[in-house]
Amino acid sequence: ACTGIENIDEAITLLEQNNWDLVAAINGVIPQENGILQSEYGVETLHGPAYGPTSHSAAASSAPSSSSAFRHVVPSRQIVERQPRKLDFRVEYRDRNVDVVLEDSSTVGDIKHVLENELQIPASKMLLKGWKTGDVDDSTVLKSLHLPKNNSLYVLTPDLPPPSSSHSGALQESLNQNFMLIVTHREVQREYNLNFSGSSTIQEVKRNVYDLTSIPVRHQLWEGWPSSATDDSMTLAVSGLTFPCHRLTVGRRSSPVQTREQSEEQCTDVHMVSDSDGDDFEDATEFGVDDGEMFGVASSALRKSPMMPENAENEGDALLQFTAEFSSRYGDCHPVYFIGSLEAAFQEAFYGKARDRKLLAIYLHHDESVLTNVFCSQMLCAESIVSYLSQNFITWAWDMTKEANRARFLTMCTRHFGSVVAQTIRTQKTDQFPLFLIIMGKRSSNEVLNVIQGNTTVDELMMRLMAAMEIFSAQQQEDIKDEDEREARENVKREQDEAYRISLEADRAKREAQEREMAEQFRLEQIRKEQEEEREAIRLSLEQSLPPEPKEESTESVSKLRIRTPSGEFFERRFLASSKLQVVFDFVASKGYPWEEYKLLGTFPRRDVTQLDPNKSLLEVKLYPQETLFLEAKE
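For clarity, every value in this text was computed on a predicted model and none was experimentally measured.

**Let's talk about the overall build of the protein**
Here's step 1: Within the protein, the secondary structure is distributed over 18 helices and 19 strands.
Here's step 2: Taken over 635 residues, the protein has a buried fraction of 39%.
Here's step 3: A separation threshold of at least 6 residues defines the contact pool for the protein, and within that pool the share at least 24 residues apart is 62%.

As structure tokens, this is what we get:
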């Protein structure tokens, strides 16, 4: 899909020649600076390091032979049409980015026509910059420039006035902008793409370049700085640099006492620093250079504190120092490092709900690697990488510079990932650091999806992070489905258990209510029985205490009383007229009608006899010689 090669045998041959490194094989086929795509009789032949030392003449003379394993083998009369390549361009203009996709058969003018519609700027006013081959004209065919698939360009419009704004507002905007400095190391012909904020100073740029090239600031010879950049303490925003991209060239300043042989040695080894004579040593303070630079020791190494203390007892404290030191070196735009132990990072990333889980990214730093500064400043601190990591990863870091810290991490690695992964990291050379490990948590173990070395690009790093996310997303969807099904089953079981519990409680409450009711009935029955027994005992006692009923032929005065009960029954008894009214009350009570509950009423006149003095005689209360009384329950 990338190269247009459809012959499987040829594809396998290319992979074998590149030790099955897919990226290297593709980079070898796609035209780049170190490879030229030739077309002879419709046959594509690639020349360059990826395919061995094959010259153009040799390829032309031996086209029909089978000695070249890196080209299409077709009959001499058959013409193979080459499929046009698609090229992606990210074009930056002031605060806008425009993506343009064209075939390599298009011209530079075609890009300007697309930008004219997008930016509403006449094509004649545009200067399209950022070509690695230098300036090109509108008629240049993209195919002839041998461009990679992804390209970054920027537009300059010197004939158009800048957007109107106050001077202070423009200055503040410039201080907040990021400048891309393309610095070419003259001796080795190598380019560095460095991002700096507008508030950075020229001195900071030179010190960073010293970290990359090992050329001390006092020995740096620059080309490309604007004429207004007269002071190293000046910020980039006011130095007159071209925004957003500016090209500079740096080389080593020749020493007066250098021999030609020393000069040639310096040109071949960018890590050697020229010897300084006595005058240089005495004048070193004029350039703000410390003694470390004078003896070929990187001043940054003397200035920098260790990323992590050696033999730190608490991993959280070590990570706090790592984060602080990382910010001081590379700025505040960097991944948010998890503060805590590796086990805590596992817990945060893998053991929450399936929807909240993330990948774990472990960054392994090494101060002695030549790739560390570029990887941290250009890749790890790129806004796109920082944003993607913060959204999808838990990022944990460790410093492998000190041997004690390295041994400690390898022990943790063996415990969590197994001896194979630990051995892989143990065999990594210093210059292969920094490393970026992508870890995915699984049900039974933790799987290392990818080990990314420091010699990568922002695009490749992003591509590998996205590839890991695709694998993780597929696994996460399965986990979410399983978790939802498990939660649904647990909810059903929980609802059933709750219904059963409520049913049991209702049954228990009903049973307890019945028991309470039965107990209450039993208690009331007992009370009623006791009351009845008590009343019966009182009645019998009263009945026994009554004086005997006088006979009709008694010589004493006798009062005959007829008493009607509430039920309509009557009972009669004779009493001595001299008997007290209390005797009548006791007689009525002995019949089951205590005077505390019933009142005894007379007829003519109607009166409540129970209100009379019980100690008076029947004669005195006029219940003589006979009287009819009524019993009525008291309210």
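**Examining the packing of aromatic side chains**
Here's step 1: Under the criterion given, the structure shown has 21 aromatic pairs.
Here's step 2: Ring geometry for F89 against W131: centres 6.2 Å apart, planes inclined by 65 degrees, an arrangement best described as edge-to-face. Separated by 42 residues along the polypeptide, F89 in strand β3 (residues 86–93) and W131 in the loop between β5 (127–129) and β6 (150–156) bring together distant segments of the chain. Residues F89 and W131 agree in their burial class; the two are buried.
Here's step 3: Taking the centre distance of 6.4 Å and the plane angle of 80 degrees together, the rings of F350 and Y351 count as edge-to-face.
Here's step 4: Taking relative accessible area as the criterion, F350 reaches 7% and is therefore assigned buried.
Here's step 5: Its relative accessible area of 49% is what places Y351 among the partly exposed residues.
Here's step 6: Aromatic rings pair up to connect F322, F326, Y330, Y337, Y363, F375 and F436 into one cluster.

**Some words on unusual backbone geometry**
Here's step 1: With an omega of -5 degrees, the peptide bond running from F433 to P434 counts as cis.
Here's step 2: By secondary structure assignment, the location of P434 is in the loop between α16 (419–426) and β13 (435–441).
Here's step 3: A positive phi angle is found at N19, which is not glycine, with a value near 55 degrees.
Here's step 4: Relative to the assigned elements, N19 resides in the loop between α1 (8–17) and α2 (22–29).

**As for the packing of helix α14 (residues 383–392) against helix α17 (residues 458–545)**
Here's step 1: The contact between α14 and α17 brings their axes to 10 Å, and the two run at 15 degrees. Taken as axis vectors, α14 and α17 run roughly parallel relative to one another. Where α14 crosses over α17, the two elements pack in a sense that is left-handed. Along the contact surface, α14 presents S384, I385, Y388, L389 and N392, while α17 presents V458, L461, M462, L465, M466 and M469.
Here's step 2: A class-by-class count of the residues in the contact of α14 with α17 yields nine nonpolar, two polar and no charged.

**Concerning the sheet that holds β5**
Here's step 1: Strand order in the open sheet made by the four strands is β4-β3-β6-β5, with mixed pairing throughout. For this open sheet the edge positions go to β4 (96–103) and β5, each flanked by a neighbour on one side alone. The mean inter-strand angle of the sheet, taken between neighbouring strand axes irrespective of direction, is 30 degrees.
Here's step 2: Inspection of the sheet shows β3 paired to β4 by eight bridges, in the antiparallel sense. Paired with K86 across the two strands is E103, which belongs to β4.

**Quick word on the sheet that holds strand β11 (residues 359–365)**
Here's step 1: Read from one edge to the other, the open sheet built from four strands follows the order β12-β11-β13-β14, with strand pairing classed as mixed. Edge positions in the sheet fall to β12 (393–399) and β14 (446–452), since each has one partner strand and no second. Geometrically, the sheet is characterised by an average inter-axis angle of 25 degrees between neighbouring strands, direction not taken into account.
Here's step 2: As judged from the six bridges shared by β13 and β14, these two strands associate in the antiparallel manner. Paired with G441 across the two strands is N446, which belongs to β14.
Here's step 3: Helix-sheet contacts for helix α11 (residues 315–330) involve β11 and β12, and the interaxial angle to β12 is about 90 degrees.
Here's step 4: Packed onto the sheet, α14 meets β11, β12 and β13 and runs at close to 110 degrees relative to β12.

**Examining the pairing of β3**
Here's step 1: Of the two faces of β3, the one lined by L87, F89, V91 and Y93 is fully buried and the one lined by K86, D88, R90 and E92 carries no buried residue.
Here's step 2: Hairpin remark: β3 followed by β4, antiparallel, with two residues in the connecting loop; positive phi at R94, about 55 degrees.

**Here's the deal with the side chain of T395**
Here's step 1: Within the secondary structure, T395 sits in strand β12.
Here's step 2: Beyond its immediate chain neighbours, meaning those up to four positions away, T395 contacts P335, V336, Y337, F338, A361 and L389.

The rules behind these values
- Residues numbered from 1 in each chain as written.
- Predicted model: local features only at pLDDT ≥ 70, side-chain atom pairs only at ≥ 80, totals over all residues.
- Heavy atoms only, no water.
- Helix = DSSP H or I, 4+ residues; strand = E, 2+ residues; numbered from the N terminus.
- Buried < 20%, exposed > 50% of the residue type's maximum accessible area, 1.4 Å probe, protein only.
- Contact = heavy atoms within 4.5 Å.
- Phe/Tyr/Trp six-rings, centres within 6.5 Å; stacked < 30°, edge-to-face > 60°.
- Axes fitted to C-alpha atoms, helices over the stretch in contact; angles between N-to-C directions.
- Parallel < 35°, antiparallel > 145°, perpendicular 65-115°, else oblique.
- Left-handed = near helix turned anticlockwise from the far one by under 90°.
- Nonpolar A, V, L, I, M, F, W, Y, C, P; charged D, E, K, R; others polar.
- Pairing = 2+ DSSP bridges.

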